[in-house]
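What follows is each chain in one-letter form.
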Amino acid sequence: MKFKVRGIDTFASTGGRPFDKNKPLIIFVHGSGLSHMVWVLQTRYFAFRGYSVLAVDLPGHGLSSGESLKTIEEMGDWVGDVIGAVGCKEASLVGHSQGCLVTMECVAQHPEKIKTLTLMGGASAIPMNPELLKLAEESNPKAVDLMMDFAHGPAGHFGGHPVPGLYHLNVGSMIVQNKEIKDTLGVDFRACDNYKNGPEVAKKLDLPTLSILGAQDRMCRLKDGKILADYIKGSEVKIIEDCGHMMLLEEADQTLEILKKFIAEHYPLPN
Amino acid sequence: MDPKTYKFDTLSLHAGYQPSKNAGSRQVPIYQTTSYMFDDVDHAAALFNLERGGHIYSRMSNPTVQVLEERVCALEGGTAALATASGMSAIFLTIMTLCNAGDHMVVSSQLYGGTVNLFRLTLPKFGIKTTFVKPRDTEGFKKAIQPNTKGIFGELVGNPGNELMNMPEVSNIAKEAGIPLIIDSTYQTPYLCRPFEHGADLVVHSLTKWMSGNGSSMAGILVEGGTFDWMQNDKFPTMTEPYEGYHGLSFAEEFGPTAFTMMARAEGMRDMGPCLAPQNAWNILHGLETLSLRMEKHCSNALKMVEYLSNHESVAWVSHASAPGHPDKELAEKILPKGTGSMIAFGIKGGKEAGAAFINNVKLASHLANVGDARTLVIHPASATHSQMDEATLKFAGLSHDMIRLSVGLEDFEDIVNDFEDGFRAAKKPRLVANK
Ligand SMILES: Cc1ncc(COP(=O)(O)O)c(C=O)c1O
């Protein structure tokens, strides 16, 4: 669905169901250079089970207009504004990778609006390899190849997509490459690299939080994901074996099962 | 710093398959089953509604076939693939997913005969019309585009005349018109050419040929490059507008770079059902393991064959993009640097009768209606593959009565030559031996 946030055309997938502001809202926030398309194996499920779902495209990403936001802080604030823009007062947030930093910032800036937080493949900081950052800022497609290499676990490198016929590495690669790399991935990588508030923000979080981590994650390593979870009071941690950074696709079913349980417990549908 | 993603030969052996999820079986298992158990009703509903990935019924997908799909997809550099019962069904499914009644296609005139018939005779029955353009007539592709044109379709190296379509330029024409370029890359395989790197948006194959190499099984595949923006104009409403069959799902919005394949499976496979048998998928996978090795030898044997035929007194002309003086040699060197494939057409002196005598007297080369077998194959198109065509269509398709089409196999080159010498000897006195 298209709607305006701060006057700018914004796209969010509603998971195949018309948006209804009276249902509990779950917002999904994608990682660097990506879009709503990475969430298809989680969003449709919730959308057809009584929730309103928004898998947003950050400004300048996917089908959203505008320019990419330059800092994690701005992106976090923007996600907070999405909630009001669709006529809601509160939401649960699910972030992946950079989206973890963004959703944590959103909670820090709009604590009253956020009910639960799920972090997938997160870390309290995502410092970028300088060479990778430079390639992305130069729109060099090699940046995307490197990203896809790091983002997928050993199993994902062979394939075995949950949706028959899809090939992990190239799907991710084309989502990024269908935009100007420097304007999306380049800006996002720089924002991640610059962001230093992670540990402080994490320590102040006070809401039901779940971390889903891939045992073979080479983008945000398992140990860094665990450190982040340790900062967060009472955070649940679920580790998916044989899985890289793209758990939402590489192990979509396991990811969905974990998320389903967490949402059912902490953000249940009204009776 | 370089990505450590697997390269071509490794992918041809491993892509799409994980032994750890298949009882440790090193070879891909054949899932000889029609259907798959649901965990519970919620799981079933989620699968049917494309909320989760997985298998429901083998008309839609099958785990063995899935490995083949991912493997070809990886080799082509595509985002998604859909395997079909034959090359023809891959083409049919592609066009039926792309077009509605009242739509139009621009198509290269030098195609496999079956594909010509599909566009010329069968698709009009569904209200889909075609304008044919000669493969070298790049401007012609542009001129043929109408407001209701939904795509450009062609074989990179036309069959059987070996004329090249200028894929990079034709792809620019397609881009300008906001329509996809679809390439039938059967003759090249991804070993010789990866059309997505030259501007194609969709690729189809008859896997019956070089991809399998063993001549055992029929199969086809559609591969999506993930490059085409279906939402750039209003030409593709079935891709962009809510689709009734799945609760108002917009394939382009939801699946982006895999939207076409998702649609082709969800609608085309569901309703038309040309699914690939798992045993056949396995046979093709078996062949794919040696794709590079075979294509290398196909091409080196073909080069020697071109030289042999070019210097033969009984041969009037030889057509292969590597042949000296071939008008497309330069383009071929650019987009087919590893070789231009193993299809050769040549004219035999003495015309139709000599051709028939040649065919009837070779013994090692197999006379049959296929190409891309590991064995050397010969045929006389005017009397076989293209025999349903009238004189004018034959000429437009670049055919002549003296033409012999040769698919060079992997035999020892000397053995092929010895066999051909017998054929040429007989062709010199066709009246005596033509009907042996
Ligand atoms: C270039 C080309 N495309 C498509 C086909 C049709 O494929 P199949 O015979 O697998 O249906 C053929 C078959 O000869 C072919 O040569």
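Scoring rules and cut-offs
Residues numbered from 1 in each chain as written. Chains lettered and ligands numbered in written order. Predicted model: local features only at pLDDT ≥ 70, side-chain atom pairs only at ≥ 80, totals over all residues. Heavy atoms only, no water. Helix = DSSP H or I, 4+ residues; strand = E, 2+ residues; numbered from the N terminus. Rg over C-alpha atoms; globule rule 2.2 N^0.38 Å. Buried < 20%, exposed > 50% of the residue type's maximum accessible area, 1.4 Å probe, protein only. Contact = heavy atoms within 4.5 Å. Areas by Shrake-Rupley, 256 points an atom, 1.4 Å probe, with all protein chains shown as cover. Lys, Arg positive; Asp, Glu negative; His and termini not counted. Charge placed at Lys NZ, Arg CZ, Asp CG, Glu CD. Near = heavy atom within 4 Å. Polar contact = N/O pair within 3.5 Å; in protein donor to acceptor, adjacent residues only side chain to side chain. Nonpolar A, V, L, I, M, F, W, Y, C, P; charged D, E, K, R; others polar. Buried area = accessible area lost by both parts, 1.4 Å probe. Salt bridge = Lys/Arg side-chain N within 4 Å of Asp/Glu carboxyl O. Pairing = 2+ DSSP bridges. Axes fitted to C-alpha atoms, helices over the stretch in contact; angles between N-to-C directions. Domains from an automatic or database assignment. Left-handed = near helix turned anticlockwise from the far one by under 90°.

Colleague: Would you explain the overall build of chain B in this entry?
Modeller: The secondary structure content of chain B amounts to 18 helices and twelve strands. The C-alpha radius of gyration of chain B comes to 22 Å, within 12% of the 22 Å expected for a compact globule of 436 residues. Overall, the C-alpha framework of chain B stretches about 75 × 55 × 50 Å when taken along its three principal axes. Across the 436 residues that make up chain B, the buried fraction comes to 62%. Within chain B, counting contacts between residues at least 6 apart in sequence, those at least 24 apart form 72% of the total. Of the roughly 16500 Å² that chain B leaves accessible, carbon and sulfur atoms contribute 53%.

Colleague: Even after reading the chapter, I still don't get the overall build of chain A, so can you show me in this structure?
Modeller: Scanning chain A from N- to C-terminus turns up twelve helices and eight strands. On C-alpha atoms alone, chain A measures out to a radius of gyration of 17 Å, which is about the 18 Å that the 2.2 N^0.38 rule sets for 271 residues. Seen along its three principal axes, the alpha-carbon backbone of chain A occupies a region of about 50 × 40 × 40 Å. In chain A, once contacts between residues fewer than 6 apart in sequence are set aside, the share between residues at least 24 apart is 76%. Only carbon and sulfur atoms are counted for the fraction: they give 51% of the accessible area of chain A, which is about 9400 Å². For chain A, the centre of its 28 positive side-chain charges and the centre of its 33 negative side-chain charges are spaced 4 Å apart.

Colleague: Would you mind showing me how to read the site of the ligand here?
Modeller: Residue and element names in this part refer to chain B. The local shell around the ligand holds 13 residues, among which Gly87, Asp184, Ser206, Thr208 and Lys209 are the closest. Met88 places a main-chain nitrogen or oxygen 2.9 Å from an oxygen atom of the ligand. A distance of 2.6 Å separates a nitrogen atom of the ligand from a polar side-chain atom of Asp184. For the ligand, whose free accessible area comes to 390 Å², the fraction covered by protein is 93%. Among the residues making up the shell around the ligand, the classes are represented as five nonpolar, five polar and three charged.

Colleague: Explain the interface of chain A and chain B here, please?
Modeller: How big an interface is tends to be stated in terms of accessible area lost as the parts join. Chain A puts 47 residues into the contact, and the matching count from chain B is 50 residues. A combined buried area of about 3900 Å² lies between chain A and chain B, and 53% of that area is made up of carbon and sulfur atoms. Summed over the three residues of chain A that lose the most area to chain B, namely Arg44(A), Phe158(A) and Pro164(A), the buried surface amounts to 18% of that side. Here chain A is connected to chain B by seven salt bridges. Across the pair Glu257(A) and Arg52(B) runs a salt bridge whose closest N-O atoms are separated by 3.3 Å. Secondary structure elements with two or more residues in the side of chain A that touches chain B: strand 2 (8-13), helix 1 (40-47), helix 4 (130-137), helix 5 (141-151), helix 6 (154-158), helix 7 (168-177) and helix 12 (252-266) of chain A. Considered class by class, the residues forming the side of chain A that touches chain B number 23 nonpolar, 13 polar and eleven charged.

Colleague: What is the right way to read the sheet that holds strand 9 (residues 343-348) of chain B from this model?
Modeller: Adjacent strands of a sheet form backbone hydrogen bonds with each other and so pair up, either parallel or antiparallel. Residue and element names in this part refer to chain B. Within the open sheet, the five strands sit side by side as 8-9-12-11-10. Their pairing is mixed. Looking at the sheet topology across the chains shown, the edges are occupied by strand 8 (315-319) and strand 10 (366-367). In terms of strand pairing, strand 9 meets strand 12 (residues 403-407) through five bridges, oriented antiparallel. Bridging across to strand 12, Met343 finds its partner in Ser407. This element, helix 13 (residues 291-310), spans strand 8, strand 9 and strand 12 of the sheet and lies at about 10° to strand 9.

Colleague: What is the right way to look at the pattern of salt bridges in this model?
Modeller: Note that side chains of opposite charge can pair when their charged atoms are close. In total, this model carries 31 salt bridges over all chains according to the counting rule given. A salt bridge links Lys70(A) to Glu67(A); the nearest nitrogen and oxygen atoms lie 3.9 Å apart. In this structure Lys70(A) comes out as partly exposed when scored by relative accessible area, which is 49%. The exposure class of Glu67(A) is exposed, given its relative accessible area of 62%. Its salt-bridge partner being Lys115(A), residue Glu90(A) comes within 3.8 Å of it at the nearest N-O pair. Note that Glu90(A) is positioned in the loop between helix 2 (72-85) and strand 5 (91-96) and Lys115(A) in strand 6 (residues 114-120), a separation of 25 residues in sequence. Taking relative accessible area as the criterion, Lys115(A) reaches 33% and is therefore assigned partly exposed. Connected through shared salt-bridge partners, Arg49(A), Asp253(A), Glu257(A), Lys260(A), Asp42(B), Glu51(B) and Arg52(B) make up one network.

Colleague: Looking at this structure, I do not really get the sheet that holds strand 5 (residues 181-184) of chain B. What am I missing?
Modeller: All names here are of chain B. Within the open sheet, the seven strands sit side by side as 1-7-6-5-4-2-3. Their pairing is mixed. In the strand order of this sheet, the two ends are held by strand 1 (80-84) and strand 3 (129-133), each with one partner. Recorded for the sheet is a direction-independent mean angle of 20° between the axes of neighbouring strands. Alignment of strand 5 against strand 6 (residues 202-206), held across three bridges, turns out to be parallel. Along strand 6, the bridge assignment pairs Asp184 with Val204. Packed onto the sheet, helix 4 (residues 87-98) meets strand 1, strand 2 (104-108), strand 4 (149-155), strand 5, strand 6 and strand 7 (220-224) and runs at close to 155° relative to strand 6. Running over the sheet, helix 5 (residues 113-122) touches strand 2, strand 3 and strand 4 and is turned about 130° from strand 3.

Colleague: Help me understand the domain arrangement of chain B in this model?
Modeller: Residues and elements named next belong to chain B. When its domains are assigned, chain B resolves into domain 1 (8-287) and domain 2 (292-435). Spacing between the C-alpha centres of domain 1 and domain 2 amounts to 29 Å. Taken together, the contact pairs 40 residues of domain 1 with 43 residues of domain 2. The largest per-residue losses of area from domain 1 upon contact with domain 2 belong to Tyr191, Leu192 and Trp210, which jointly make up 24% of the total buried on that side. For the interface between domain 1 and domain 2, the tally reads one salt bridge. The salt bridge partner of Asp328 is Arg136, with a shortest N-O separation of 2.9 Å.

Colleague: Could you clarify how one ought to interpret the packing of helix 5 of chain A against helix 7 of chain A in this entry?
Modeller: Helix-helix packing: each pair is described by the crossing angle between the helix axes and the interaxial distance. Residues and elements named next belong to chain A. Relative to each other, helix 5 and helix 7 sit at 140°, their axes nearing to 10 Å. Handedness of the crossing formed by helix 5 with helix 7: right-handed. Of helix 7, the residues touching helix 5 (which contributes Pro141, Val144, Met147 and Met148) are Leu169, Gly172, Ser173, Val176 and Gln177. Residue classes in the contact of helix 5 with helix 7 are distributed as six nonpolar, three polar and no charged.

Colleague: Hey, could you run me through unusual backbone geometry in this one?
Modeller: When glycine is set aside, most residues are seen to have a negative phi, and most peptide bonds are trans. A positive phi angle, near 60°, is found at Ser139(A), a position not held by glycine. Note that Ser139(A) resides in the loop between helix 4 and helix 5. A relative accessible area of 17% places Ser139(A) in the buried class. Phi is positive for His247(B), close to 55°, though the residue is something other than glycine. Assignment of secondary structure puts His247(B) in the loop between helix 9 (237-240) and helix 10 (251-255).

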